Amino acid sequence: MRPLGVHTSIKESILNAIEEAKNLQCETFQIFLHSPRIWKIPEFEEEIIEKFKKKIQENNLSPFVVHASYLINLISSNPKTINSSKYLLKREVLMSDLLGADYYVIHLKDNREMQNEEIFDKVREAFSKIGKLQKCKILIENTAKSKITARISDLFDTFKNINTENVSGVCIDTCHLFAAGYDISNEKVISEFIEEVKNFGDFNLIKLIHLNDSKASVGSGIDRHEHIGRGNIGIKGFENFFKIKEISHVPLILETPKKSPQDDIKNLTAVREILKKLES
Ligand SMILES: [Zn+2]
Ligand SMILES: [Zn+2]
């Protein structure tokens, strides 16, 4: 079965994130290691780490994904920001590895003043300084607006140029894809997307899908997640996307809005219904 899950909260404790995933009958889940808008990252006690890893195994949750915090900017024009970012990146990736994460997903930022060559050098250098990892691999996520990661051709070009042994592929976010100009509710655009992946990358490099509908319009470059089926992508768009057979096994993780505990249930149900319909 195709793994489906949600981004869960570590607010109470990191162990709670697993409980949340389990209660929602998820096969996979994603977390932040700490509040994503601050630089401070806490240490986890060894005992908690062991409990966490054991619980993941007991509940067959795979893959376990960590999302990078938002402040990390490896291509800032401010060298101070780059230094703090490299430090936090290394801490987060090593911590993810220690917790047994399969993937660490990061959006690279954008910098219009910097040449692509310099951008790639900076990112590659930061990734290669992390050191050896046991299991965790970094994935580069597509973004709604960026000269290096919004178009699929650019995303794969970036991947090729920053590729170190710590990086294993890309994550495709459906909301970002739509906002970047790919109207996946249109079958013709789906064919164009498939061609672009084939021509510039490889379907095998798509390791994860972030499943979000889009509040903003196609090509707007605005990243606003919406509940599945209630945004501009709509049920039809997700049906089209799930029909792409080359990625029909790739794990799906929701990052849809959460105002009430019911929201995850509603979104998971919507996705399960679409998948079931396509199976029959
Ligand atoms: Zn995402
Ligand atoms: Zn987003």
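Before reading further, recall that the structure is shown in the block above.
The rules we used
Residues numbered from 1 in each chain as written. Chains lettered and ligands numbered in written order. Predicted model: local features only at pLDDT ≥ 70, side-chain atom pairs only at ≥ 80, totals over all residues. Heavy atoms only, no water. Donors = N, O, S within 2.8 Å, 3.2 Å for Na, K, Ca; no water. Tetrahedral: all angles 85-135°; square planar, octahedral: opposite > 155°, others 65-115°. Salt bridge = Lys/Arg side-chain N within 4 Å of Asp/Glu carboxyl O. Helix = DSSP H or I, 4+ residues; strand = E, 2+ residues; numbered from the N terminus. Buried < 20%, exposed > 50% of the residue type's maximum accessible area, 1.4 Å probe, protein only. Expected span 1.5 Å × (residues − 1). Arc of directions from axis to C-beta. Contact = heavy atoms within 4.5 Å. Phe/Tyr/Trp six-rings, centres within 6.5 Å; stacked < 30°, edge-to-face > 60°. Lys, Arg positive; Asp, Glu negative; His and termini not counted. Polar contact = N/O pair within 3.5 Å; in protein donor to acceptor, adjacent residues only side chain to side chain. Axes fitted to C-alpha atoms, helices over the stretch in contact; angles between N-to-C directions. Left-handed = near helix turned anticlockwise from the far one by under 90°. Nonpolar A, V, L, I, M, F, W, Y, C, P; charged D, E, K, R; others polar.

**Structural notes on the coordination of the zinc ion (ligand 2)**
Okay, so step 1: Distances from the zinc ion (ligand 2) to its protein donors, His176 (NE2), Asp223 (OD), Asp223 (OD) and His225 (NE2), fall within 2.0 to 2.4 Å.
Okay, so step 2: Metal-to-metal, the separation of the zinc ion (ligand 2) and the zinc ion (ligand 1) is 4.5 Å.

**What to know about the coordination of the zinc ion (ligand 1)**
Okay, so step 1: Those donors, Glu141 (OE), Asp173 (OD), His210 (ND1) and Glu255 (OE), are the protein atoms that reach the zinc ion (ligand 1), and they lie 2.2 to 2.3 Å from it.
Okay, so step 2: The site at the zinc ion (ligand 1) holds four donor atoms, and with the angles between them running 87 to 175°, its shape is irregular.
Okay, so step 3: The sequence motif formed by the donor residues of the zinc ion (ligand 1) is E-x31-D-x36-H-x44-E.

**Section: the pattern of salt bridges**
Okay, so step 1: Taken as a whole, this structure holds 20 salt bridges when the rule is applied.
Okay, so step 2: Its salt-bridge partner being lysine 51, residue glutamate 47 comes within 3.9 Å of it at the nearest N-O pair. Of this pair, glutamate 47 and lysine 51 are both found in helix H2 (residues 46-58), four residues apart, which corresponds to roughly one turn of the helix.
Okay, so step 3: Classification of glutamate 47 by relative accessible area gives exposed; the value is 53%.
Okay, so step 4: With a relative accessible area of 44%, lysine 51 lands in the partly exposed category.
Okay, so step 5: What emerges from the salt-bridge pattern is a single network uniting Glu19, Lys22 and Lys55.

**Topic: helix H4 (residues 116-128)**
Okay, so step 1: Counted at 1.5 Å a residue, the expected span for H4 with its 13 residues is 18 Å, and the 18 Å between its end C-alpha atoms agrees.
Okay, so step 2: Taken as a whole, H4 has its buried residues at Ile119, Phe120, Val123, Ala126 and Phe127. The buried residues of H4 occupy an angular sector of 135° when the element is viewed end-on, so they sit on one face.
Okay, so step 3: Here the buried face of H4 lies against helix H3 (79-98), strand E4 (103-106), strand E5 (137-141), helix H5 (152-162) and strand E6 (167-173).

**Observations concerning the packing of aromatic side chains**
Okay, so step 1: Tallying each qualifying case throughout the model produces seven aromatic pairs.
Okay, so step 2: Ring geometry for phenylalanine 32 against tyrosine 70: centres 5.5 Å apart, planes inclined by 75°, an arrangement best described as edge-to-face. Placement of phenylalanine 32 in the loop between strand E2 (28-31) and H2 and of tyrosine 70 in the loop between strand E3 (64-67) and H3 is noted, with a sequence separation of 38 residues between them.
Okay, so step 3: Under the relative-accessibility criterion, phenylalanine 32 is labelled buried at 16%.
Okay, so step 4: Ring centres of tyrosine 182 and phenylalanine 193 lie 6.3 Å apart, and the angle between their planes is 85°; on these two criteria the pair is classed as edge-to-face. Within this pair, whereas tyrosine 182 is found in the loop between helix H6 (174-179) and helix H7 (187-200), its partner phenylalanine 193 is found in helix H7, the two being separated by 11 residues in sequence.
Okay, so step 5: One aromatic cluster in this structure is built from Phe29, Phe52 and Phe64.

**Focus on the side chain of glutamate 255**
Okay, so step 1: Summarising the element assignment, glutamate 255 is placed in the loop between strand E10 (252-254) and helix H9 (262-279).
Okay, so step 2: Of the side chains with opposite charge, lysine 258 comes closest to the buried, unpaired glutamate 255, at an N-O distance of 10 Å.
Okay, so step 3: At a separation of 3.0 Å, a polar atom in the side chain of glutamate 255 contacts the side chain of glutamine 30.

**Details of the packing of H7 against helix H8 (residues 234-242)**
Okay, so step 1: Their axes nearest at 10 Å, the elements H7 and H8 cross at an angle of 35°. Of the two possible hands of crossing, H7 and H8 adopt the one that is right-handed. Of the residues in H8, those touching H7 at Glu187, Ile190 and Phe193 are Lys236, Asn240 and Phe241.
Okay, so step 2: Residues that form the contact of H7 with H8 fall into these classes: three nonpolar, one polar and two charged.

**Regarding the environment of lysine 258**
Okay, so step 1: When you line up the elements, lysine 258 lands in the loop between E10 and H9.
Okay, so step 2: For lysine 258, a relative accessible area of 41% translates into the label partly exposed.
Okay, so step 3: Residues lysine 258 and glutamate 226 lie 32 residues apart in sequence; the distance between their C-alpha atoms is 9.8 Å.
Okay, so step 4: Looking at lysine 258, its side chain comes within polar contact range of the side chain of glutamate 20, at 3.5 Å.
Okay, so step 5: A polar contact of 2.8 Å, which involves the side chain of lysine 258, links it to the side chain of aspartate 264.

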